[in-house]
Amino acid sequence: MATGEALKCFDTDGSPIIKEDTKLTSRNKDSKKYQTPFGIVEIERHVYQSSKGGKIFCPLEDSARTIFAATTKFAQQLSRKYSQGNANSVCSDLKENHNRSVAKSTVQNVTDWVGSIACAQEENWDYAPPEIDEPITTVVFSLDGAYILMALESECL
């Protein structure tokens, strides 16, 4: 309930707004369900459209940065879990550990969108390679995907 109330703070009061030099007016309050770390919350929020019709704009979703009706925190949790397993394991983990039933497609859609955001941002990121203390003397390639640690005999004793 608290997350639902926090999300409502991102909504407008229904007054007309200007977006990209276009006046938008509230069509009505529309109900939508959002996925949060604690469960699903249903919120009545304003949706806007220009007098010429066209694409609908929801200030709450824009300001709260929801991703496929998931809060940013829930999207972060899904992405972290998905990076360490598959969609089925994420769904099982959410069910067993958080008492949350989430569709496999929700996991895939949200995490795919988070990945596309990261890829788009990567173009803007700039970083220096780390300093290497010692020169690299050995490079190992593995054809079967197994990674076996290798050490000098004296290091193993």
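Below: a short report on this structure. It should be emphasised that the depicted structure is a prediction, and the values quoted were computed from it without experimental measurement.

In an α-helix there are 3.6 residues to a turn, and that puts residues three or four apart on one side. The end-to-end C-alpha distance of helix 5 (residues 104-122) is 27 Å, a good match for the 27 Å that 19 residues give at a rise of 1.5 Å each. What helix 5 keeps buried is the set Val-107, Val-110 and Thr-111. Angularly, the buried residues of helix 5 cover 90° about the axis, an arc narrow enough to put them on a single face. Here the buried face of helix 5 lies against helix 3 (72-83) and helix 4 (87-98).

Moving on to the nonpolar core. If you look at the biggest cluster of nonpolar residues, it comprises twelve residues: Ile-67, Ala-70, Phe-74, Ala-75, Leu-78, Ala-87, Val-90, Cys-91, Leu-94, Val-102, Val-107 and Val-110. Secondary-structure elements contributing two or more residues to this core are helix 3, helix 4 and helix 5. When residues in this core are grouped by element, the largest group, four residues, is from helix 4. Not counting residues within four places of it along the chain, the set of residues in contact with Ile-67 comprises Ala-75, Val-110, Trp-113, Val-114 and Ile-117. Of all hydrophobic cores here, the second largest spans nine residues; its members include Leu-7, Val-47, Ala-64 and Ala-69.

Now for the packing of aromatic side chains. Tallied over the entire structure, the rule returns one aromatic pair. A ring pair is formed by Phe-68 and Trp-113, whose centres lie 5.8 Å apart and whose planes are at 85°; its orientation type is edge-to-face. Note that Phe-68 is positioned in the loop between helix 2 (59-64) and helix 3 and Trp-113 in helix 5, a separation of 45 residues in sequence. Owing to a relative accessible area of 48%, Phe-68 belongs among the partly exposed residues under this scheme.

All right, on to the sheet that holds strand 2 (residues 22-36) then. On the basis of which strands lie adjacent, the open sheet formed by four strands has the order 1-2-3-4 and antiparallel pairing. Unpaired on one side and paired on the other, strand 1 (17-19) and strand 4 (53-57) mark the two borders of the sheet. This sheet shows a mean twist of 45° between the axes of neighbouring strands, independent of strand direction. In this sheet, strand 3 (residues 39-50) lies alongside strand 2 in antiparallel orientation, the contact comprising eleven bridges. Bridge pairing links Thr-36 to Gly-39 in strand 3.

What counts and what doesn't
- Residues numbered from 1 in each chain as written.
- Predicted model: local features only at pLDDT ≥ 70, side-chain atom pairs only at ≥ 80, totals over all residues.
- Heavy atoms only, no water.
- Helix = DSSP H or I, 4+ residues; strand = E, 2+ residues; numbered from the N terminus.
- Expected span 1.5 Å × (residues − 1).
- Buried < 20%, exposed > 50% of the residue type's maximum accessible area, 1.4 Å probe, protein only.
- Arc of directions from axis to C-beta.
- Contact = heavy atoms within 4.5 Å.
- Core = buried A, V, L, I, M, F, W, Y, C linked by side-chain atoms within 4.5 Å.
- Phe/Tyr/Trp six-rings, centres within 6.5 Å; stacked < 30°, edge-to-face > 60°.
- Pairing = 2+ DSSP bridges.
- Axes fitted to C-alpha atoms, helices over the stretch in contact; angles between N-to-C directions.

None of this, on its own, says anything about what the molecule does.
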